[in-house]
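# Report on the structure
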Amino acid sequence: MLSLALSLVIGGWAGWTYLQRGLSDSPAAGGAALVGGPFELVDHTGAARSEKDFLGRYSFIYFGYTFCPDVCPTALWTMSEALDSLAEAAPEKAAQVVPVFFTVDPERDTVDVLATYVESFRPGFVGLTGSLAQATAAAKAYRVFFRKVEVGEPETYLMDHSSIIYLMGPDGAYLDHFTHTAQAEDMAKQLAELIGD
Ligand code: NI
């Protein structure tokens with residue numbers, strides 16, 4: 001399992017450097033515009049969703065997969081805790097944020113699987129899936145890297161993926177990003193600063 005852990009670390013790092021490179025290569029206007037964009041997916045209730053459905057509120061976004069043994073649940077728990085903390089300090093701000101989980105493993109993450117999964121985290125979490133082409137297009141829009149890693153039985157494969165938490169504004173524009181190792185309290189403070197009254 002050491003080589004697997006190492007490949008996940010390297011993969012995560014590759015995704016991270018890819019993001020940073022994308023941000024630093026940006027024109028004077030800033031790399032912000034390079035993150036985010038249109039998508040056509042289905043949520044955990046089976047309803048069609050596009051980026052337009054999330055306009056008007058802040059989107060707190062993470063790309064991962066339900067079969068992920070550690071990094072994804074950690075990120076989603078931290079996001080949940082940060083929103084709980086924000087809800088205590090500034091409920092009107094927390095009410096403006098929609099936590100969103102995009103899968104990078106639509107093959108296993110069906111609507112039903114996502115429905116069960118998002119229930120494990122903060123109420124209000126929206127799970128998004130779709131065809132492989134749709135999920136890939138969404139990941140690409142958010143500069144998220146992923147690839148399948150075969151281990152053991154065919155159905156027990158893992159997904160190597162970037163682990164970045166994004167905050168997008170009510171206009172759909174990128175505002176900030178965090179890593180899954182960020183502390184929930186720090187994240188909550190940052191959210192409170194970024195979210196208007
Ligand atoms: Ni993961």
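This report concerns the structure included in the present document. Just so you know, these numbers come straight off a predicted model, no measurement behind them.

Moving on, we come to the overall build of the chain. Secondary structure assignment for the chain yields six helices and nine strands. Expressed as a percentage of the 197 residues in the chain, the buried residues total 48%. Surface exposure of the chain reaches about 9,500 Å², of which carbon and sulfur atoms provide 59%.

Glancing now at the packing of helix α2 (residues 71-89) against helix α6 (residues 184-194). Helix packing for two helices is described by the angle between their axes and how far apart those axes are. Axis separation between α2 and α6 bottoms out at 8 Å; the angle between their running directions is 55 degrees. With respect to α6, the axis of α2 lies oblique. Pair α2 / α6 crosses with right-handed handedness. Where α2 abuts α6, its residues T78, M79, E81, A82, L83, S85 and L86 lie against A184, E185, M187, A188, L191 and A192. Of the residues contributing to the contact of α2 with α6, the split by class is nine nonpolar, two polar and two charged.

Moving on, we come to the packing of aromatic side chains. If you walk through the whole model with that rule in mind, you get twelve aromatic pairs. With centroids separated by 5.6 Å and ring planes inclined at 50 degrees, the aromatic side chains of F102 and Y142 adopt a geometry described as tilted. Linking F102 in strand β4 (residues 97-103) with Y142 in the loop between α5 (132-141) and β6 (146-149), this pair joins segments that are 40 residues apart in sequence. The residues F102 and Y142 share a single accessibility class, namely buried. Taken together, the aromatic side chains of F39, F54, F63, F102, Y142, Y166 and Y174 make up a single cluster linked through ring pairs. The ring of Y157 is capped by R108, whose NZ or CZ atom sits 3.6 Å from the centre of that ring.

The strand order β2-β1-β5-β4-β3-β8-β9 describes an open sheet built from seven strands, whose pairing is mixed. Looking at which strands have only one partner, the edges of the open sheet turn out to be β2 (48-50) and β9 (174-179). Geometrically, the sheet is characterised by an average inter-axis angle of 30 degrees between neighbouring strands, direction not taken into account. Where strand β1 (residues 40-43) and β2 come together, three bridges link them in antiparallel fashion. Pairing of L41 across the sheet is with R49, part of β2.

With that settled, consider the nonpolar core. In terms of nonpolar packing, the biggest core is built from 54 residues, with F60, F63, F102, Y142, Y166 and L191 touching the most fellow members. Here the element with the most residues in this core is α2; it accounts for seven residues. Sequence-distant contacts of L191, defined by excluding residues within four places in its chain, comprise F60, A82, L83, L86, L167 and F178.

What follows deals with unusual backbone geometry. If you check the backbone angles, R143 has positive phi at about 55 degrees while not being a glycine. You can see R143 is positioned in the loop between α5 and β6.

Let us look at the environment of F67. Among the secondary structure elements, F67 is positioned in the loop between β3 (58-64) and α2. Distance in space between the C-alpha atoms of F67 and V113 is 9.9 Å, their sequence separation being 46 residues.

Turning to the pattern of salt bridges, a few remarks are in order. What the rule picks out here adds up to six salt bridges. A salt bridge links R49 to D43, with the nearest nitrogen and oxygen atoms 2.8 Å apart. Taking the shortest distance from any N to any O, the salt bridge between K52 and E51 comes out at 3.4 Å. For E51, a relative accessible area of 19% gives the class buried.

Together, E81, E88, E185 and D186 line one region of the surface with negative charge. Note that D186 resides in helix α6. Taking the relative accessible area as the measure of exposure, D186 reaches 46% and is therefore partly exposed.

Mapped onto the elements of the fold, A138 is located in helix α5. Under the relative-accessibility criterion, A138 is labelled buried at 1%. When the C-alpha positions of A138 and G36 are compared, they lie 8.1 Å apart, and in sequence the two are 102 residues distant. Each residue touching A138, except ones within four places of it in the same chain, is listed here: F39, L41, F63 and F102.

Thresholds applied
- Residues numbered from 1 in each chain as written.
- Predicted model: local features only at pLDDT ≥ 70, side-chain atom pairs only at ≥ 80, totals over all residues.
- Heavy atoms only, no water.
- Helix = DSSP H or I, 4+ residues; strand = E, 2+ residues; numbered from the N terminus.
- Buried < 20%, exposed > 50% of the residue type's maximum accessible area, 1.4 Å probe, protein only.
- Areas by Shrake-Rupley, 256 points an atom, 1.4 Å probe, with all protein chains shown as cover.
- Axes fitted to C-alpha atoms, helices over the stretch in contact; angles between N-to-C directions.
- Parallel < 35°, antiparallel > 145°, perpendicular 65-115°, else oblique.
- Left-handed = near helix turned anticlockwise from the far one by under 90°.
- Contact = heavy atoms within 4.5 Å.
- Nonpolar A, V, L, I, M, F, W, Y, C, P; charged D, E, K, R; others polar.
- Phe/Tyr/Trp six-rings, centres within 6.5 Å; stacked < 30°, edge-to-face > 60°.
- Lys NZ or Arg CZ within 6 Å of the ring centre and 35° of its normal.
- Pairing = 2+ DSSP bridges.
- Core = buried A, V, L, I, M, F, W, Y, C linked by side-chain atoms within 4.5 Å.
- Salt bridge = Lys/Arg side-chain N within 4 Å of Asp/Glu carboxyl O.
- Patch = residues over 30% accessible without salt bridge, like charges linked within 9 Å, V, L, I, M, F, W, Y side chains within 5 Å.
- Lys, Arg positive; Asp, Glu negative; His and termini not counted.
- Charge placed at Lys NZ, Arg CZ, Asp CG, Glu CD.

It is worth stressing that arrangement in space is one thing and function is another; only the former is reported here.
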